[in-house]
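For reference, the chains in residue letters:
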Number of protein chains: 2
Amino acid sequence: MKQNVLYSNNVDATLNSIIEGGNYNAVMVLVDANTRLMALPLLPCLSDAHIIEITPGDDNKNLDTLSHAWSEMVKCGATRHSLLVNLGGGMVTDLGGFAAATFKRGIDFVNVPTTLLGAVDAAVGGKTGINFNGLKNEIGVFAPAKAVIVSTIFFSTLPQQELKSGFAEMLKHAMLHSHESFERLLQVDFKDIDYDFLLTLMQESLQVKQHIVEQDPTEQGIRKALNLGHTVGHAFESKALGDGKPVPHGYAVAWGLVVESVLSHILLQFPSNDLYSLARFVKDNYGAFHITCDHYDQLLDLMRHDKKSHSGEINCTLLKSCGDFTINNTIKEDDLKAALDIFRDLFEC
Amino acid sequence: MKQNVLYSNNVDATLNSIIEGGNYNAVMVLVDANTRLMALPLLPCLSDAHIIEITPGDDNKNLDTLSHAWSEMVKCGATRHSLLVNLGGGMVTDLGGFAAATFKRGIDFVNVPTTLLGAVDAAVGGKTGINFNGLKNEIGVFAPAKAVIVSTIFFSTLPQQELKSGFAEMLKHAMLHSHESFERLLQVDFKDIDYDFLLTLMQESLQVKQHIVEQDPTEQGIRKALNLGHTVGHAFESKALGDGKPVPHGYAVAWGLVVESVLSHILLQFPSNDLYSLARFVKDNYGAFHITCDHYDQLLDLMRHDKKSHSGEINCTLLKSCGDFTINNTIKEDDLKAALDIFRDLFEC
């Protein structure tokens, strides 16, 4: 699943050349109310495109919204030779990718992510889908976008929380890649962001992801490396949601990366100085996630029911060092509880 | 898209070995009310499987039925390591294949076609999908079954009309393959069917189809050969449906094969003796499709709007001779009208 990822802050010209080169008989653009207002005006090449608007929010990444998108595509008279441009965050690129991949058994689509998390997490890698019966991404397919245009031109209007959320996925990629990448990211100062330099860092980050995805497009093996931080992160996210105090996905991943780095230190001698550097960066930028030992059983239960777990065991990707990972580690309950103890110490909670 | 097609009248043992070899944590079987009653009891290996029943009929090959199937899969606790067995005709294998291909981004499925049309047309080749907003197979994906088990054990209770409908697709494959295959099929007598010999003929037929599909799984080029008989056949089928007198799909294909053979004769010197043999066989076994010259404009209009047509032209696969086909022939209106005239002469209608 080779994907054509284009890094450019001249998004309109880049998208226009794809549209002109594709000789499409119709061009549609999927937006939500926010990206219609904030992002679409930056792309004059879409001024004649059929606009398909959906309601924003992960709650609406469902079958009703998908069915609405399909209906609009039928109304536009779309054929197998039409193009869908997905302009938005992960919700828009996930749902739009699935809509395109299943319309007449698959038409071309281009992802134009408008958020950092969307760019580094959702838009590249071929995962598409919707939530179903309250389960995240339960229905979907693996389908590569014709192209993904990665830029930072849409970021200046985003809340800093969104940038930090996406940055956590970049931290993950850096830790999977090398010590140098990891160190470079820890230098970033969210109070003073250089967007051109951020684009360079995003390119490095996505190349790590692509290298892994190309080796294992359908997640049979090595792609599970990308799950680093997510077994614990998803459990934190679900617990927070259940408590009525939802946290951004990327924040949960950042905390999850710390816990899984502790586990890596306990089980595989991951260097303690890297663990401390990570914990300090996460604490300074993401704050703490407050748990007590009374929450451990609930958290372990959530980890056992993770989509990627098998037969009720807790499964993590771990690191011997930055750049040296192992997938499919079965984690003992006591080790995980010890790691949660250390996590609480590191965050003084 | 290499597909594992198994030809066996010992379906239970064959399916059982797939289930045991796959080490699945759950097995589900998708049936309709008919195949639950008539076909499922022939397969003791499924006695512990979760049964998912849907309402039969192409009218129900829709989003509501798909959503029901997905919900049942969630209720069964299906994971990525579960198996769905689709036991039924083309409606069940099309919808079930799509349900499996999109559940958690794709789980294994096995097709066990219970009709001849299902076996030679729908179950093999990786096309899955549902109808949407009244449009046939508008939503779907290309996804290969883990295995397809082709047998004749379910056919004895089927009406002869169903066998003839499936046989028309076999005629098409034979004409694409060789003069010998074509001649052999014309010897078949529907009043006295040898089911073991039929299984041999089905195997020959499906190998022709598979050879084409493997070269072009997503229908970019040569796979369009399988559209032989279908540009005209679909128009006949749609007209009959619109007139409130629906005809079986395979019957429409049989008549479409005759019209497109006439066109092949006019434009590419397809041999007249093969044309006459085909017309006689179709007339004897499928009867006539009654049209007058007043219907021509309506039929041409339907052909222009065929899913596989491009920019409003009429597009057919044609034959120089049996085994020697050309795809993407644009047909002039006058040639098509002349072919319809000759079709009416051949059927004396």
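Just so we're clear, the structure is a prediction, and the values are computed from it rather than from any experiment. (Residues numbered from 1 in each chain as written. Chains lettered and ligands numbered in written order. Predicted model: local features only at pLDDT ≥ 70, side-chain atom pairs only at ≥ 80, totals over all residues. Heavy atoms only, no water.)

1. Thoughts on the packing of aromatic side chains
Considering all chains together, one arrives at 20 aromatic pairs over all chains under this definition. The interplanar angle of 80° and the centroid separation of 5.1 Å between the aromatic rings of Phe-167 of chain B and Phe-190 of chain B together place this pair among those described as edge-to-face. One end of the pair, Phe-167 of chain B, is in helix α6 (residues 160–177); the other, Phe-190 of chain B, is in the loop between α7 (179–186) and α8 (195–215), with 23 residues separating them in the sequence. Looking at Phe-190 of chain B, the relative accessible area reads 6%, which means it is buried. Through successive ring pairs, a cluster of aromatic residues spans Phe-236, Tyr-251, Trp-255, Tyr-286, Phe-289, Phe-343 and Phe-347 of chain A. Against the face of Phe-142 of chain B rests Arg-105 of chain A, its NZ or CZ located 5.9 Å from the ring centre. (Phe/Tyr/Trp six-rings, centres within 6.5 Å; stacked < 30°, edge-to-face > 60°. Helix = DSSP H or I, 4+ residues; strand = E, 2+ residues; numbered from the N terminus. Buried < 20%, exposed > 50% of the residue type's maximum accessible area, 1.4 Å probe, protein only. Lys NZ or Arg CZ within 6 Å of the ring centre and 35° of its normal.)

2. Re the sheet that holds strand β8 (residues 147–150) of chain A
Residues and elements named next belong to chain A. Strand order in the open sheet made by the 6 strands is β1-β8-β5-β4-β2-β3, with parallel pairing throughout. Each having just a single partner strand, β1 (5–7) and β3 (50–54) make up the two edges of the open sheet. Each strand of the sheet is rotated relative to its neighbour by a mean of 20°, with strand direction disregarded. Two elements, strand β5 (residues 108–113) and β8, share 2 bridges in a ladder whose sense is parallel. For Val-110, the partnering residue across the bridge sits in β8 and is Ala-147. Contacts between helix α1 (residues 11–22) and the sheet are confined to β1, β2 (26–32), β4 (82–88), β5 and β8, with β8 contributing the most and set at about 170° to the helix. (Pairing = 2+ DSSP bridges. Axes fitted to C-alpha atoms, helices over the stretch in contact; angles between N-to-C directions. Contact = heavy atoms within 4.5 Å.)

3. Side note on the sheet that holds strand β5 (residues 108–113) of chain B
All names here are of chain B. On the basis of which strands lie adjacent, the open sheet formed by 6 strands has the order β1-β8-β5-β4-β2-β3 and parallel pairing. Only two strands of the sheet have a single neighbouring strand rather than two, namely β1 (5–7) and β3 (50–54). Each strand axis lies, on average, 20° off the axis of its neighbour in the sheet, ignoring direction. As judged from the 4 bridges shared by strand β2 (residues 27–32) and strand β4 (residues 83–88), these two strands associate in the parallel manner.

4. Re the relation of the copies chain A and chain B
Relative to chain B, chain A is turned by 180° and slid 0.0 Å along the rotation axis, the superposed coordinates differing by an RMSD of 0.0 Å. The two molecules are tied by a two-fold rotation axis, judged by turn and shift. By residue overlap, the copies meet face to face through one surface: 97% of the interface positions of chain A are interface positions in chain B. (Least-squares fit on C-alpha atoms with pLDDT ≥ 70 in both.)

5. Overview of the nonpolar core
Residues Phe-236 of chain A together with Phe-236 of chain B are the most contacted members of the largest nonpolar core, which totals 224 residues. Those residues within four positions of Phe-236 of chain B in sequence are excluded, and the remaining contacts are Ala-252, Trp-255, Val-259, Phe-289, Ile-291, Leu-299, Leu-340 and Phe-343 of chain B. Membership of the second largest hydrophobic core comes to 21 residues, among which are Tyr-24, Leu-83, Leu-87 and Ala-147 of chain A. (Core = buried A, V, L, I, M, F, W, Y, C linked by side-chain atoms within 4.5 Å.)

6. A closer look at the pattern of salt bridges
Opposite charge on two side chains lets them pair, provided their charged atoms get close. All names here are of chain A. Counting across every chain of the model gives 26 salt bridges over all chains. With a closest N to O distance of 2.9 Å, Lys-172 and Glu-169 form a salt bridge. Of this pair, Lys-172 and Glu-169 both sit in helix α6 (residues 160–177), 3 residues apart, which is roughly one turn of that helix. Here Lys-172 and Glu-169 have matching classes, each one buried. (Salt bridge = Lys/Arg side-chain N within 4 Å of Asp/Glu carboxyl O.)

7. A few points about the interface of chain A and chain B
Contacts between the two partners involve 29 residues from chain A and, on the opposite side, 28 residues from chain B. Of the roughly 2,700 Å² buried between chain A and chain B, counting both surfaces, carbon and sulfur atoms make up 59%. The largest share of the area that chain A buries against chain B comes from Arg-80, Arg-105 and Glu-138 of chain A, three residues that together contribute 26% of it. Counting across the interface, chain A meets chain B through 2 salt bridges. Residue Glu-138 of chain A pairs with Lys-104 of chain B through a salt bridge whose shortest N-O separation is 3.2 Å. Viewed at the interface, chain B and chain A are joined by 6 residue pairs in polar contact (both at pLDDT 80 or more). Looking at the side of chain A that touches chain B, the element that brings in the most residues is helix α3 (residues 63–75) of chain A, giving 5 residues. Across the side of chain A that touches chain B, the residue classes tally to 11 nonpolar, 10 polar and 8 charged. (Buried area = accessible area lost by both parts, 1.4 Å probe. Polar contact = N/O pair within 3.5 Å; in protein donor to acceptor, adjacent residues only side chain to side chain. Nonpolar A, V, L, I, M, F, W, Y, C, P; charged D, E, K, R; others polar.)

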